Protein chains: 2
Amino acid sequence: MVRRTGRRPGAPDTRETILVAARETFAEKGFDGATMRQIATRAGVDPALVHHYFGTKDQLFQAAVQIPLNPAEILPMVLADGIDHLGTNLVRTFLKVWDSPAGPAAAAVLRSAMSSEWTVKLLREFLVTQVLRRVVNESDLDSVEAPLRISLVATQMAGLAFMRYIIKLEPLASLPSEQVVALIAPNVQRYLTGELPSPSAIGDAAA
Amino acid sequence: MVRRTGRRPGAPDTRETILVAARETFAEKGFDGATMRQIATRAGVDPALVHHYFGTKDQLFQAAVQIPLNPAEILPMVLADGIDHLGTNLVRTFLKVWDSPAGPAAAAVLRSAMSSEWTVKLLREFLVTQVLRRVVNESDLDSVEAPLRISLVATQMAGLAFMRYIIKLEPLASLPSEQVVALIAPNVQRYLTGELPSPSAIGDAAA
């Protein structure tokens, strides 16, 4: 997906073999269940080589899913202005990535995530372990409510990318990004910090 | 995608040929630009046969895009309780379709829409001509604002389907549908009838 502009020194084939092994292992065992040793064994290389090429398990996972956005780098910026500005900062940062040269790669990830069960599983693992878990640890969101809130935010962000960048539905597709931020951010903010209906109240109303 | 349970009388191959010709013609010329006559010519059949098999151009388009949800039938129900209940009715009806036997077909449409430029174009044509245009005609939404409002709603609905039914992100994926309605509908309602920031105000703020 990402065009290689030059050959890296040291056996690009080995790097690719490790990435394939990593994708298979992460899809099979999940991020938490997979170990660097298992991935090295599957790739037929020494574990030290996996560390040498890719660093930590987080970094290897990031390379394996090919998502052109590293939550470890981006989240501190998104969270910097506190929880009340999270909606605006999140939508603004998200649009910046999609409007950058990384945009087509992001679209490719979203498209390929639809194509098979294991790519779906990798994207889910990415959301749960790289995004959701970090937000819970690094923000002031209540850790019990956070998984639900973040899954709601994920619906809005994924749908925004789909309609603006893939389907290109107008007038949304042509709006300046600051207008999109102003339109979408309040909804994201409600998911993050708004009062959400309690399950019991809903049960009563539906009964 | 939809399983044929028995052979229809009268040349199923002809039906399929017409559908293929219809998809190509709609993708090429759009819904408004395509005529039944062009489709018949491309399929190598008499226009009367196209009408005989598929009825109106609307109906042929519906069959061609294979979206298991007919806006002409569903919208009156969604709009029945007035504009203030549109968010709730829309999310509830949308979840009913996805939770019904038509759900897997809907997922297939969403997946295949990602796969090529012409399927993207067909889905966009469907949204614009079959959904957006009908809502403008049949609801009390302001016709100038409606296209933007509906494209915002489309982001939320597409993302909801993607995260709940394709990625299956928890806890969203396992929530009872009435809880999902209560969580998501207020956001949809804001897009439909809430006060939206004006472009000039945003321009000022960004300047």
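What counts as what
- Residues numbered from 1 in each chain as written.
- Chains lettered and ligands numbered in written order.
- Predicted model: local features only at pLDDT ≥ 70, side-chain atom pairs only at ≥ 80, totals over all residues.
- Heavy atoms only, no water.
- Helix = DSSP H or I, 4+ residues; strand = E, 2+ residues; numbered from the N terminus.
- Buried < 20%, exposed > 50% of the residue type's maximum accessible area, 1.4 Å probe, protein only.
- Contact = heavy atoms within 4.5 Å.
- Areas by Shrake-Rupley, 256 points an atom, 1.4 Å probe, with all protein chains shown as cover.
- Lys, Arg positive; Asp, Glu negative; His and termini not counted.
- Charge placed at Lys NZ, Arg CZ, Asp CG, Glu CD.
- Phe/Tyr/Trp six-rings, centres within 6.5 Å; stacked < 30°, edge-to-face > 60°.
- Lys NZ or Arg CZ within 6 Å of the ring centre and 35° of its normal.
- Least-squares fit on C-alpha atoms with pLDDT ≥ 70 in both.
- pLDDT = per-residue confidence, 0-100.
- Domains from an automatic or database assignment.
- Buried area = accessible area lost by both parts, 1.4 Å probe.
- Salt bridge = Lys/Arg side-chain N within 4 Å of Asp/Glu carboxyl O.
- UniProt positions renumbered as here; feature names shortened; annotations may be inferred.
- Polar contact = N/O pair within 3.5 Å; in protein donor to acceptor, adjacent residues only side chain to side chain.
- Nonpolar A, V, L, I, M, F, W, Y, C, P; charged D, E, K, R; others polar.
- Core = buried A, V, L, I, M, F, W, Y, C linked by side-chain atoms within 4.5 Å.

A. Focus on the overall build of chain A. Helix and strand counts for chain A come out as 11 helices and zero strands. Mapped in sequence order, the helices and strands of chain A form the string α-α-α-α-α-α-α-α-α-α-α. In terms of its C-alpha atoms, chain A occupies a principal-axis envelope of roughly 55 × 40 × 35 Å. Here chain A, with 207 residues, has 49% of them falling under the buried criterion. Looking at chain A alone, contacts between residues at least 24 apart form 66% of all its contacts between residues at least 6 apart. Counting only carbon and sulfur atoms, one obtains 55% of the accessible surface of chain A, whose full area is about 9700 Å². Of note, chain A has its 21 positive side-chain charges centred 9 Å away from the centre of its 21 negative side-chain charges.

B. Geometry of the packing of aromatic side chains. All names here are of chain A. Under the criterion given, the structure shown has 14 aromatic pairs over all chains. An aromatic cluster of three or more residues is present, and its members are Phe26, Phe31, Phe61 and Phe126. A cation over a ring is seen here: lysine 57 above phenylalanine 31, with NZ or CZ 4.7 Å from the ring centre.

C. Seen up close, the environment of histidine 51 of chain A. Relative to the helices and strands, histidine 51 of chain A is located in helix H3 (residues 47–54). Once the C-alpha coordinates of histidine 51 of chain A and alanine 40 of chain A are considered, the two residues, 11 residues apart in sequence, prove to be 9.5 Å apart.

D. Spotlight on the relation of the copies chain A and chain B. After a rotation of 180 degrees and a shift along the axis of 0.0 Å, chain A superposes on chain B with an RMSD of 0.0 Å. Taken together, these values place the two copies in the relation of a two-fold axis. Nearest to the rotation axis, the C-alpha of glycine 159 of chain A is located 1.8 Å from it, this being the minimum over chain A. The residues that chain A uses at the interface reappear at the interface of chain B in 100% of cases, marking a shared surface.

E. The arrangement of the environment of glutamate 138 of chain B in detail. Residue and element names in this part refer to chain B. Positionally, glutamate 138 belongs in helix H8 (residues 117–138). Residues glutamate 138 and tyrosine 53, 85 residues apart in the sequence, show an inter-C-alpha distance of 28 Å. Leaving out residues up to four positions away in the same chain, glutamate 138 has contacts with Leu75, Pro76 and Leu79.

F. Representation of the confidence of the model for chain A in the model. Residues and elements named next belong to chain A. Across chain A, the average pLDDT comes to 85, with 90% of residues at 70 or higher. Per-element confidence in chain A is highest for helix H10 (residues 177–193), whose mean pLDDT is 96, and lowest for helix H11 (residues 199–206), whose mean pLDDT is 55. Under a pLDDT of 50 for its full length, residues 1–8 has, in the predicted model, nine contacts with residues more than four places off or in other chains. Every residue in residues 203–207 scores below 50 in pLDDT, and together they form one contact with partners more than four places removed in sequence or on other chains.

G. Seen up close, the domain arrangement of chain A. Residues and elements named next belong to chain A. Domain parsing of chain A yields domain 1 (12–65) and domain 2 (71–195). The partner domain 2 presents 11 residues to the 11 residues of domain 1 that form the contact. Summing both partners gives a buried area of about 990 Å² for domain 1 against domain 2, and 59% of it is carried by carbon and sulfur. For the domain 1 face of the interface with domain 2, the top three residues by lost area are Ala27, Phe61 and Val65, together amounting to 43%. Counting every contact that joins domain 1 to domain 2 gives two salt bridges. Here arginine 133 ties to aspartate 32 by a salt bridge, and the two come within 2.7 Å at their closest N and O atoms.

H. Region of interest: the UniProt feature "DNA-binding region" (unreviewed entry) in chain A. Those places that UniProt annotates as "DNA-binding region" (unreviewed entry) correspond, in this numbering, to residues 35–54 of chain A. Annotated as residues 35–54 of chain A, this span is 80% helix and 0% strand, and its ends, taken at the C-alpha atoms, are 13 Å apart.

I. The arrangement of the interface of chain A and chain B in detail. The partner chain B presents 45 residues to the 45 residues of chain A that form the contact. For the pair chain A and chain B, the interface holds zero salt bridges. At the junction of chain A with chain B, the criterion picks out 13 residue pairs in polar contact (both at pLDDT 80 or more). Looking at the side of chain A that touches chain B, the elements that each hand over two or more residues are helix H7 (103–113), helix H8 (117–138), helix H9 (146–166), H10 and H11 of chain A. Looking at the side of chain A that touches chain B residue by residue, the classes come out as 30 nonpolar, eight polar and seven charged.

J. Here's a closer look at the pattern of salt bridges. Residues and elements named next belong to chain A. Across all of its chains, the model carries 16 salt bridges over all chains by this definition. The closest approach of N and O atoms between arginine 92 and glutamate 178, which form a salt bridge, is 2.8 Å. Taken together, the residues span a long stretch of sequence, with arginine 92 in helix H6 (residues 86–99) and glutamate 178 in helix H10 at a distance of 86 residues. Residue arginine 164 is joined to aspartate 99 by a salt bridge in which the shortest nitrogen-to-oxygen separation is 3.9 Å.

K. Here's a closer look at the nonpolar core. Ranked by size, the top nonpolar core spans 143 residues in total, and within it Phe26 and Leu60 of chain A together with Phe26 and Leu60 of chain B carry the most contacts. Beyond its immediate sequence surroundings of up to four residues, phenylalanine 26 of chain A is in contact with Phe31, Ala34, Ile39, Lys57, Leu60, Phe61, Ala64 and Leu122 of chain A.

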